[in-house]
Amino acid sequence: ATAPRISGAGRGSHYVTNDEDPYMTIKDSEDEEAEDYPDDYSLRSSDLLMLAARADEDVSHLEVYVYEESMIGEVPESNLYCHHDILLPAFPLCLSPIGCPSSEDSQSQHNLVAVGTMYPGIEIWDLDLIDSIEPLTTLGGYSRDAISHGQVSCDLTTNKSSSCQQVKSTRGSSAGRRKDSESGAPKLQTSSHSDAILGLSWNYQFRNLLASASADYTVKVWDITTNSVKYTMKHHRDKVQAVDWNPIEPTVLLTGGFDSCIAIVDIRAPENAALKWDVGADVECAVWQLGKSTKIIVSNEKGLVTCLDTRKGEGSLPLFSLAAHESATTSLSISPGTPTLVASCSTDKTVKLWDITNDEPSLVAQKDPDVGAIFSVGFSTSVPYLIGCAGSKGEVAVWDILTEKAVSQGPHGATLQKYNRAAALGIIKEFVI
């Protein structure tokens, strides 16, 4: 018997170059020309990276966008495109970029992102990997036994409005959690959150620390390098949605929840009572004012934006209170170039820019980016005249505020113009929305 030839074995021909091969339609000269024009996966030093999490009807994913400014190199006009995406196991609720040192080598650094979802675990993904199929690690969440035995199901058919409503609908009640424990819900890892992750904040000075806010009424501080919980705080009476480290005092943490309160706590003494302020409605976002270690800016579901000075003591009156939007003010961001410029966004579909100089807020400009109800807004950390936002249409947008005369010709225009892209090259450029 004789074995049949496979793929013409025994009659193959070898050509040293594509030019010699009559069957090759792309010649070597054309390949060389193609190398002069790198594909969309190649990043330039002038590219800005923007992260956004999106949930469609049947799938949720994390998207990494690239933004190219028209003034850089040979780019004729600004360009925004999705570089790659990562599939997520559950509906995403919050993100936090991480530049954490490697546990093996303290001098090396990973470009990571922490993702909070409707699941109780916090996933850490490596942004340097294009085709990731699983996170580097998960902080808390379901036990490996529960996952391996199929006790954890992934239902990605829930749309955004119903998922957010699910978080809101159980506000002020622990009945759901008691029911889950009694009905044999999947076992959680030790020290894990027991409900959805609503807020995350990475500590830029103590780079191994990540704070998380959860619908289980608690705030936890994690050590990323050891995958362990350092502190668990229970100073809120309802779901906790906002969390932010103080940029100057890195041990001080700001939190806000559905109990209409914001609080500050020092993790050096987490057992001490937190200082609290009532803001009149569910807290949507709470941030420290850049350059001011004692000032807090907070927004709530009624559209109000309030500024507080912690030096005045617990429950003190605000420095100002502003009716910023007609509906919930969902997110706030402060320009790192001019810390008195504050961006706010809302479910009323607008992004607004405020000047809060001398604690006297005034509207500078506003824009409808046509992305639907807006859930998140953020200034670029290295190009502080660019604002990214994302909305209910599943789209992202970038607003160059220097195109607004009120900004470019206003008191902050000259300062913002100094942050030209040539000066920004070589700096890590990333902003999360």
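Scope of this entry: the structure provided in the associated data block. (Residues numbered from 1 in each chain as written. Predicted model: local features only at pLDDT ≥ 70, side-chain atom pairs only at ≥ 80, totals over all residues. Heavy atoms only, no water.)

1. Details of the overall build of the chain
Then step 1. Regarding its fold elements, the chain presents seven helices and 27 strands.
Then step 2. When the 433 residues of the chain are sorted by exposure, 49% land in the buried category.
Then step 3. The contacts in the chain between residues at least 6 apart in sequence include a share of 49% that link residues at least 24 apart.
Then step 4. Roughly 21,600 Å² of accessible area belongs to the chain as shown, and the carbon and sulfur atoms make up 48% of that amount. (Helix = DSSP H or I, 4+ residues; strand = E, 2+ residues; numbered from the N terminus. Buried < 20%, exposed > 50% of the residue type's maximum accessible area, 1.4 Å probe, protein only. Contact = heavy atoms within 4.5 Å. Areas by Shrake-Rupley, 256 points an atom, 1.4 Å probe, with all protein chains shown as cover.)

2. Digging into the environment of Leu 93
Then step 1. With respect to the element layout, Leu 93 can be found in strand β4 (residues 92-98).
Then step 2. Sequence separation between Leu 93 and Tyr 119 is 26 residues, and the spatial gap between their C-alpha atoms is 9.8 Å.
Then step 3. Excluding residues within four positions of it along the chain, Leu 93 makes contact with Gly 116, Thr 117, Met 118, Ala 196, Ile 197 and Leu 198.

3. As for the environment of Val 407
Then step 1. Locating Val 407 in the fold gives a position in helix α5 (residues 405-408).
Then step 2. Judged by its relative accessible area of 4%, Val 407 falls in the buried class.
Then step 3. C-alpha separation for the pair Val 407 and Tyr 385, spaced 22 residues apart in sequence, amounts to 9.3 Å.
Then step 4. Apart from the residues lying within four places of it in its own chain, the contact partners of Val 407 are Leu 353, Val 364, Ile 401, Leu 402, His 412, Gly 413 and Leu 416.

4. So, the nonpolar core
As a rule of thumb, nonpolar side chains are buried together in soluble globular proteins.
Then step 1. Leu 353, Ile 387 and Ile 401 are the most contacted members of the largest nonpolar core, which totals 29 residues.
Then step 2. At the level of secondary structure, the elements contributing two or more residues to this core comprise β1 (48-55), β2 (60-68), β21 (341-346), β22 (351-355), β24 (374-379), β25 (386-391) and β26 (396-400).
Then step 3. Residues in contact with Ile 401, not counting those within four places in the same chain, are Leu 341, Leu 353, Phe 379, Pro 384, Tyr 385, Ile 387, Val 407 and Leu 416.
Then step 4. Counting 14 residues, the second largest nonpolar core, distinct from the first, contains Ala 213, Ala 263, Ile 267 and Ala 274. (Core = buried A, V, L, I, M, F, W, Y, C linked by side-chain atoms within 4.5 Å.)

5. Description of the sheet that holds strand β18 (residues 304-309)
Then step 1. Taken together, the four strands give an open sheet; going across it, the order is β16-β17-β18-β19, and neighbouring strands pair in antiparallel fashion. The open sheet has two edge strands with one neighbour each: β16 (283-288) and β19 (320-323). When strand polarity is set aside, the average angle formed by the axes of neighbouring strands in this sheet is 15°.
Then step 2. Summarising the sheet, β18 and β19 pair through four bridges and their orientation is antiparallel. Bridge pairing in β19 links Thr 306 to Ser 321. (Pairing = 2+ DSSP bridges. Axes fitted to C-alpha atoms, helices over the stretch in contact; angles between N-to-C directions.)

6. Notes on the side chain of His 61
Then step 1. Relative to the helices and strands, His 61 resides in strand β2.
Then step 2. The class for His 61 is buried, based on a relative accessible area of 5%.
Then step 3. Side-chain polar atoms of His 61 contact the side chain of Glu 63, separated by 3.2 Å.
Then step 4. His 61 has contacts with Ala 52, Ala 53, Arg 54, Asp 56, Asp 85, Ile 86, Leu 87 and Leu 88, leaving out every residue within four places of it along the chain. (Polar contact = N/O pair within 3.5 Å; in protein donor to acceptor, adjacent residues only side chain to side chain.)

7. Quick look at unusual backbone geometry
Then step 1. For Asn 227, which is not glycine, the phi dihedral falls at a positive 55°.
Then step 2. For Asn 227, the location among the structural elements is in the loop between β10 (219-223) and β11 (228-233).
Then step 3. When its relative accessible area of 35% is taken as the criterion, Asn 227 is described as partly exposed.

8. Focus on the side chain of Asp 355
Then step 1. Here Asp 355 lies in strand β22.
Then step 2. At 11 Å, Lys 295 is the nearest oppositely charged side chain to Asp 355, a buried residue that forms no salt bridge.
Then step 3. Engagement of the side chain of Asp 355 in a polar contact is seen with the side chain of Thr 357, the distance being 2.6 Å.
Then step 4. Aside from chain neighbours lying at most four places away, what touches Asp 355 is Thr 340, Leu 341, Glu 360, Pro 361, Ser 362, Val 364, Pro 411 and His 412. (Lys, Arg positive; Asp, Glu negative; His and termini not counted. Salt bridge = Lys/Arg side-chain N within 4 Å of Asp/Glu carboxyl O.)

9. Considerations on the sheet that holds β10
Then step 1. Taken together, four strands build an open sheet; the order of strands is β8-β9-β10-β11 and the sheet is antiparallel. One side of each edge strand has no neighbouring strand; the edge strands of this open sheet are β8 (197-202) and β11. For this sheet the average axis-to-axis angle between neighbouring strands, irrespective of direction, equals 20°.
Then step 2. Relative to β11, β10 is paired through five bridges, and the arrangement is antiparallel. Across the sheet, the residue bridging to Lys 220 is Thr 232, located in β11.

10. A look at the environment of Arg 237
Then step 1. Relative to the helices and strands, Arg 237 is located in the loop between β11 and β12 (240-245).
Then step 2. Discounting chain neighbours no more than four positions away, the residues touching Arg 237 are Tyr 217, Asp 259, Cys 261 and Lys 276.

11. A word on the packing of aromatic side chains
Then step 1. Enumeration according to the criterion identifies two aromatic pairs in this entry.
Then step 2. Geometrically, the ring pair formed by Tyr 119 and Tyr 142 is edge-to-face, given 5.7 Å between the ring centres and 80° between the ring planes. Note that Tyr 119 is positioned in the loop between β5 (112-117) and β6 (122-126) and Tyr 142 in the loop between β7 (137-139) and α2 (144-148), a separation of 23 residues in sequence.
Then step 3. Ring geometry for Trp 202 versus Tyr 204: centroids 4.7 Å apart, planes at 55°, classification tilted.
Then step 4. For Trp 202, a relative accessible area of 7% translates into the label buried.
Then step 5. Since its relative accessible area comes to 56%, Tyr 204 is described here as exposed. (Phe/Tyr/Trp six-rings, centres within 6.5 Å; stacked < 30°, edge-to-face > 60°.)

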